[in-house]
Amino acid sequence: MSVFSDKIKNFFGIGKTLSGEVFEDLTDLLVEGDFGAAGAYRLADELKDACKKEKVADGEGARKILAKLLEAMLLKAKKAVPPEGGGLAIILLLGVNGVGKTTTAAKLADKMRGEGKKPILAAGDTFRAAAIDQLKIHGERLGVRVVAHQHGGDPAAVVYDAVEAAQAGGGDVIIADTAGRMHTKSALVEELKKIDRIVESKAKDARYIKYLVLDATTGRNALAQAEIFHQAVSIDGVILTKFDSSAKGGVVFSLAEDLALPVIFLCTGEKYGDIKPFDSKTYAEEFSGLV
Ligand SMILES: Nc1nc2c(ncn2[C@@H]2O[C@H](COP(=O)(O)OP(=O)(O)OP(=O)(O)O)[C@@H](O)[C@H]2O)c(=O)[nH]1
Ligand SMILES: [Mg+2]
């Protein structure tokens with residue numbers, strides 16, 4: 001799957017016998033793979049104990065146990081609110097500049113339309129001048145309706161209009177892009193509170209989901225972003241983008257363990273189809289170089 005899982009695979013190469021030193025080296029390798037130091041130590045230790053207990057002395061066997069331990073880590077995340085289901089869904093995409101929010105909004109719209117849904121894209125990034133046009137271009141290409149206001153407008157008002165459009169029969173899932181900034185944390189919180197109020201008053205029964213978009217290539221920095229956003233606005237899950245490039249992916253385990261945040265989708269490229277639902281078992285196995 002990635003260069004990093006190849007490293008894990010090579011590390012536990014055929015014929016490798018498992019000495020204490022191997023587990024120390026593994027700790028370093030996990031840190032390199034965007035695991036935090038504490039998590040890496042703990043995991044290497046757990047693996048060492050499990051190999052001993054199960055009398056596993058070869059690399060291949062160790063990787064199988066590693067995958068199980070990793071999957072268990074991922075299951076510590078809270079259960080994801082699925083974007084699919086009956087009634088109106090409102091999906092808000094949050095995240096810092098350039099992580100891929102707008103692209104992901106388009107990918108989700110395409111995916112959901114392919115699943116028989118009627119998505120509406122809401123141009124909630126009114127901050128950056130080109131953002132509205134960027135979303136409109138996606139909407140035109142995909143044949144998906146885009147609700148937009150002027151540059152500088154109020155994002156909550158955009159969501160308001162999108163909800164009205166949906167309720168008038170125009171759609172059953174709203175995917176709202178937002179501006180990429182969090183340095184002004186209080187502004188973000190205020191902006192979201194306003195959107196929350198709109199949803200509460202206009203679409204009380206809607207499934208309202210806040211996904212944080214994180215760029216996988218930013219490694220541990222992604223975890224720091226998640227901490228800040230989660231604390232500020234309580235997010236429901238993560239969409240990890242740019243997993244196609246040099247991303248290592250260990251941060252996914254920290255998101256689950258440290259913040260109980262589930263990853264919902266993995267994005268692996270710039271094309272509309274480059275998005276797939278996240279599966280814990282598959283991810284753990286891929287990370288361990290098993291598949
Ligand atoms: N390789 C790769 N590139 C991606 C992926 N997702 C987004 N991109 C690219 O990342 C860049 C930024 O994407 P945007 O969708 O504009 O990001 P954004 O978060 O909306 O950015 P701002 O609106 O400026 O905050 C673009 O060049 C995208 O094509 C992905 O999964 N893989
Ligand atoms: Mg954008």
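The name an unreviewed UniProt entry gives the protein chain is Signal recognition particle receptor FtsY, with Leadbettera azotonutricia as the organism. A UniProt comment under Function (unreviewed entry) is attached to the protein chain, and it reads "Involved in targeting and insertion of nascent membrane proteins into the cytoplasmic membrane. Acts as a receptor for the complex formed by the signal recognition particle (SRP) and the ribosome-nascent chain (RNC)." Its UniProt record, at the heading Sequence similarities (unreviewed entry), says of the protein chain: "Belongs to the GTP-binding SRP family. FtsY subfamily."

(A) Examining the domain arrangement of the protein chain more closely. As far as domains go, the protein chain holds domain 1 (3–74) and domain 2 (89–278). With ten residues of domain 1 in contact, the opposing surface of domain 2 contributes 13 residues. Of the roughly 1100 Å² buried at the junction of domain 1 and domain 2 (both faces included), carbon and sulfur atoms supply 62%. When the buried area of domain 1 at its contact with domain 2 is split by residue, Asp34, Met73 and Leu74 rank highest and sum to 54% of it.

(B) Quick peek at the site of ligand 1. Close to ligand 1 lie 19 residues, the nearest being Lys101, Thr102, Thr103, Asp244 and Glu270. Within the backbone of glycine 100, a nitrogen or oxygen atom sits 2.9 Å from an oxygen atom of ligand 1. In the model, an oxygen atom of ligand 1 is placed 2.5 Å from a nitrogen or oxygen of the glutamate 270 side chain. Calculation on ligand 1 without its partners gives an accessible area of 650 Å², and the protein chains cover 80% of this total.

(C) A look at helix H4 (residues 59–74). Here H4 spans 22 Å end to end across 16 residues, near enough to the 22 Å set by a 1.5 Å rise per residue. Taken as a whole, H4 has its buried residues at Gly59, Gly61, Ala62, Arg63, Ile65, Leu66, Ala67, Leu69, Leu70, Met73 and Leu74. Buried residues belonging to H4 abut helix H1 (3–11), helix H3 (37–53), helix H10 (251–259) and helix H11 (280–287).

(D) How the structure looks around empty space enclosed by the protein. Considering all chains together, one arrives at one cavity of 30 Å³ or more under this definition. Its volume calculated, the largest cavity comes out at about 60 Å³. Grouping the constituent residues of the lining of the largest cavity by class yields four nonpolar, one polar and two charged.

Conventions we followed
- Positions within a chain are numbered from 1, following the residues in the order the chain's sequence is written.
- To read the labels, note that chains go from A and ligands from 1, taken in the order they are written.
- In view of the model being predicted, local features appear only for residues whose pLDDT reaches at least 70, and side-chain atom pairs are presented and counted only at 80 or more, with totals across whole chains, interfaces and linings using the full set of residues.
- Think of the side-chain values as coming from all heavy atoms in the structure, minus any hydrogens and water.
- UniProt positions are given in the numbering used here, feature names are shortened, and annotations may be inferred rather than shown by experiment.
- Domain delimitation in this document rests on an assignment produced automatically or drawn from a domain database.
- Any two residues whose heavy atoms approach within 4.5 Å are treated as being in contact.
- Buried area counts how much accessible surface, traced with a 1.4 Å probe, disappears from two parts once they are put together, with both parts' losses summed.
- By convention in these notes, a residue is near a molecule or strand provided one of its non-hydrogen atoms lies within 4 Å of it.
- Under this definition, polar contacts are N or O atom pairs within 3.5 Å; protein pairs additionally need one hydrogen-donor-capable and one acceptor-capable atom, and for neighbouring residues in sequence, both atoms have to be side-chain atoms.
- With residues, only the protein chains shown are counted as cover, and all accessible areas are computed by Shrake-Rupley using a 1.4 Å probe.
- Secondary structure elements follow DSSP: runs of H or I no shorter than four residues count as helices, runs of E no shorter than two count as strands, and numbering proceeds from the N terminus.
- Here the expected length of a helix is defined as 1.5 Å per residue gap, with one fewer gap than residues.
- To sort residues, take the accessible area from a 1.4 Å probe on protein chains only and compare it with the maximum for the residue type: under 20% means buried, over 50% means exposed, and anything in between is partly exposed.
- With a 1 Å grid spanning the protein atoms alone, the term cavity applies to any set of points in which a 1.4 Å probe fits but cannot get out, the term pocket to an open set with protein on both sides within 12 Å along at least five of seven lines, and the term lining residue to any residue with an atom within 4 Å of a point.
- Grid points are joined across faces, edges and corners, and a volume is the space filled by probe spheres set on the points.
- Residue type decides the class: Asp, Glu, Lys and Arg count as charged, Ala, Val, Leu, Ile, Met, Phe, Trp, Tyr, Cys and Pro as nonpolar, and the leftover types, Gly among them, as polar.

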